[in-house]
Amino acid sequence: MKSTENDKFVEILLADVLEVYGYDFTGYSRASLKRRMIRLYELDGFVSFAEFRYRIRTDSGYFKRFMEQITINVTEMFRDPEFFQTLRKDILPRLGTYPFIRIWIAGCSTGEEAYSVAIFLKELNLLHKSLIYATDINPTVLETAAQAIIPMSKIKMYTENYIEAGGSEQFSEYYTANYSLGKLKDDLKSNIIFSTHNLVSDNSFNEFQLIMCRNVLIYFDRPLQSKVFNLFDSSLEKFGYLALGTKETLDFSSVSKNFERHTTGKIWRKTQ
Ligand SMILES: C[S@@+](CC[C@H](N)C(=O)[O-])C[C@H]1O[C@@H](n2cnc3c(N)ncnc32)[C@H](O)[C@@H]1O
């Protein structure tokens, strides 16, 4: 198939998905969308675009799979340990001066980021007065997140990340191992609310002192990024923090004037 043909098919599928399921992916960057759609098409052995299109439009079970491929769900605990080190040493202790801490983790995938934050809040004796709203567009990843299960095959990496990020306990204290799976301790979950929220179409739902949205906006085009930055700006308290992924920046957005960059990492503080 010619590339221009593929481009056309991508647009048709995006229009279908919006019309049939109400999800608007038209502001996602095309290169990645195209790659992932072609991959799925080939992986599932479709023989024509018409067949692929028909399946997506008519089979909601298959749409779930489509959605999983389009919204990349890769994550890990204490991802980018340097970022978590700044969070632990600097940002969370400052938030600790508030009587109550509200954190929004947007695009939380299967919850590893939320549990990592909960662990550090606990170590700083702040978990009891914190509420973490962990949201994602994809309900399937949220079901996994609520189970608080991590594969034991990842424990070595997570332990290393945890130590590098400045964790003060034994990481093994936070889970119980059962053959190939580890179950995170229940108290970590008690202050996390997992819920669906679509950054493209849903509104602000609270005022936060910290919003983390890491490795999500990288898949959005500039206008959509701008829209989401506006949403974050209106969802942050004055002096609240916004944390982005290593390849993301607030610099080109119209709300950047309301923020100042923190000395380390991709963290901005709202100053007005
Ligand atoms: C690569 S993961 C990042 C997970 C985690 N934040 C991290 O950095 O490890 C991107 C997540 O963003 C979610 N996502 C994509 N589009 C979204 C949208 N419009 N609204 C909310 N979440 C979205 C995906 O479902 C996926 O779970």
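Quick caveat: nothing in here was measured; it's all calculated off a predicted structure.

**Student:** If you had to explain the sheet that holds strand β5 (residues 181-184) to someone new, which residues and values would you point to?
**Tutor:** Strand pairing in a sheet relies on backbone hydrogen bonds, with the paired strands running either antiparallel or parallel. Read across the open sheet, the three strands follow the order β3-β5-β4; overall the sheet is antiparallel. Only two strands of the sheet have a single neighbouring strand rather than two, namely β3 (149-151) and β4 (175-178). On average, adjacent strands in this sheet sit at an angle of 30° to one another, irrespective of strand direction. Direction of pairing for β3 relative to β5: antiparallel, over a ladder of three bridges. Looking across to β5, one finds that Pro151 is bridged to Leu181.

**Student:** With reference to specific residues and values, describe the nonpolar core.
**Tutor:** Looking at soluble globular proteins, one finds that nonpolar side chains tend to be buried together. Trp104, Leu199, Phe232 and Leu242 are the most contacted members of the largest nonpolar core, which has 45 residues in total. Each of domain 1 (3-70) and domain 2 (81-270) gives at least three residues to this core. If we skip the residues at most four places from it in the chain, Trp104 touches Tyr133, Thr135, His197, Leu199, Phe205, Phe208, Leu210, Ile211, Met212, Leu231, Phe232 and Ser235. Ranked by size, the runner-up nonpolar core spans 43 residues in total, among them Ile91, Tyr115, Ala134 and Tyr174.

**Student:** Please give an account of the packing of helix α1 (residues 3-21) against helix α2 (residues 30-43) that cites residues and values.
**Tutor:** Interaxial distance between α1 and α2 falls to 10 Å at its minimum, and their mutual angle equals 90°. Overall, the two elements α1 and α2 adopt an arrangement that is roughly perpendicular. In this structure, α1 uses Ser3, Asn6, Asp7, Val10, Glu11, Leu13 and Leu14 to contact α2, whose residues at the interface are Arg30, Leu33, Lys34, Met37 and Ile38. Its residues placed into classes, the contact of α1 with α2 shows six nonpolar, two polar and four charged.

**Student:** An account of the layout of surface pockets is needed here, citing residue identities and associated values.
**Tutor:** In this approach the atoms are scanned with a rolling probe the size of a water molecule, which exposes any empty space left behind. Taken as a whole, the largest pocket holds about 500 Å³ of empty space. Contributing to the lining of the largest pocket are 28 residues, with Ile72, Gly107, Asn215, Val216 and Tyr219 lying nearest its centre. In terms of residue class, the lining of the largest pocket is made up of twelve nonpolar, ten polar and six charged. Reported here for the second largest pocket is a volume of approximately 210 Å³. Of the residues forming the lining of the second largest pocket, the biggest block, five residues, is contributed by helix α5 (residues 81-95). Partitioned by chemical class, the residues of the lining of the second largest pocket number two nonpolar, six polar and five charged.

**Student:** Describe the packing of aromatic side chains, naming the residues involved and giving the relevant values.
**Tutor:** One pass over the full model with this rule turns up 29 aromatic pairs. Here Phe83 and Phe84 contribute two aromatic rings whose centre-to-centre distance is 5.3 Å and whose plane-to-plane angle is 80°, an arrangement assigned as edge-to-face. There is no split in this pair, since Phe83 and Phe84 are both buried. One Lys or Arg, Arg88, reaches over the ring of Phe120 and ends 5.0 Å from the middle of that ring. A cation over an aromatic ring shows up here: Arg222 above the ring of Phe252, its NZ or CZ 4.4 Å from the ring centre.

**Student:** Residue-level account of the side chain of Ser253, with values.
**Tutor:** With respect to the helices and strands, the residue Ser253 is situated in the loop between β8 (236-244) and β9 (259-261). At a separation of 3.0 Å, a polar atom in the side chain of Ser253 contacts the main-chain amide nitrogen of Val255.

**Student:** Which residues make up the pairing of β4, and what values go with them?
**Tutor:** One face of the sheet, then the other: side chains in a regular strand alternate in exactly this way. Pairing of β4 with β5, which is carried by four bridges, proceeds in the antiparallel orientation. When the sheet's bridge partners are listed, Thr176 is paired in β5 with Lys183. Where β4 folds back on β5, the antiparallel hairpin that results is connected by two residues, among which Tyr179 adopts a positive phi of roughly 55°.

**Student:** Can you break down the sheet that holds β8 residue by residue, with the values?
**Tutor:** Pairing in this open sheet of seven strands is mixed, and the strands run β6-β2-β1-β7-β8-β10-β9 from one edge to the other. At either margin of the open sheet sits one strand with a lone partner, and together these are β6 (192-196) and β9. Taken pair by pair, the neighbouring strands of this sheet meet at an average axis angle of 20°, ignoring direction. Two elements, strand β2 (residues 130-136) and β6, share five bridges in a ladder whose sense is parallel. By the bridge assignment, Tyr133 is partnered in β6 with Ile193.

Conventions we followed
- Residues numbered from 1 in each chain as written.
- Predicted model: local features only at pLDDT ≥ 70, side-chain atom pairs only at ≥ 80, totals over all residues.
- Heavy atoms only, no water.
- Pairing = 2+ DSSP bridges.
- Helix = DSSP H or I, 4+ residues; strand = E, 2+ residues; numbered from the N terminus.
- Axes fitted to C-alpha atoms, helices over the stretch in contact; angles between N-to-C directions.
- Core = buried A, V, L, I, M, F, W, Y, C linked by side-chain atoms within 4.5 Å.
- Buried < 20%, exposed > 50% of the residue type's maximum accessible area, 1.4 Å probe, protein only.
- Domains from an automatic or database assignment.
- Contact = heavy atoms within 4.5 Å.
- Parallel < 35°, antiparallel > 145°, perpendicular 65-115°, else oblique.
- Nonpolar A, V, L, I, M, F, W, Y, C, P; charged D, E, K, R; others polar.
- 1 Å grid on protein atoms, 1.4 Å probe; cavity = no way out; pocket = protein on both sides within 12 Å on 5 of 7 lines; lining within 4 Å.
- Points joined across faces, edges and corners; volume = space filled by probe spheres on them.
- Phe/Tyr/Trp six-rings, centres within 6.5 Å; stacked < 30°, edge-to-face > 60°.
- Lys NZ or Arg CZ within 6 Å of the ring centre and 35° of its normal.
- Polar contact = N/O pair within 3.5 Å; in protein donor to acceptor, adjacent residues only side chain to side chain.

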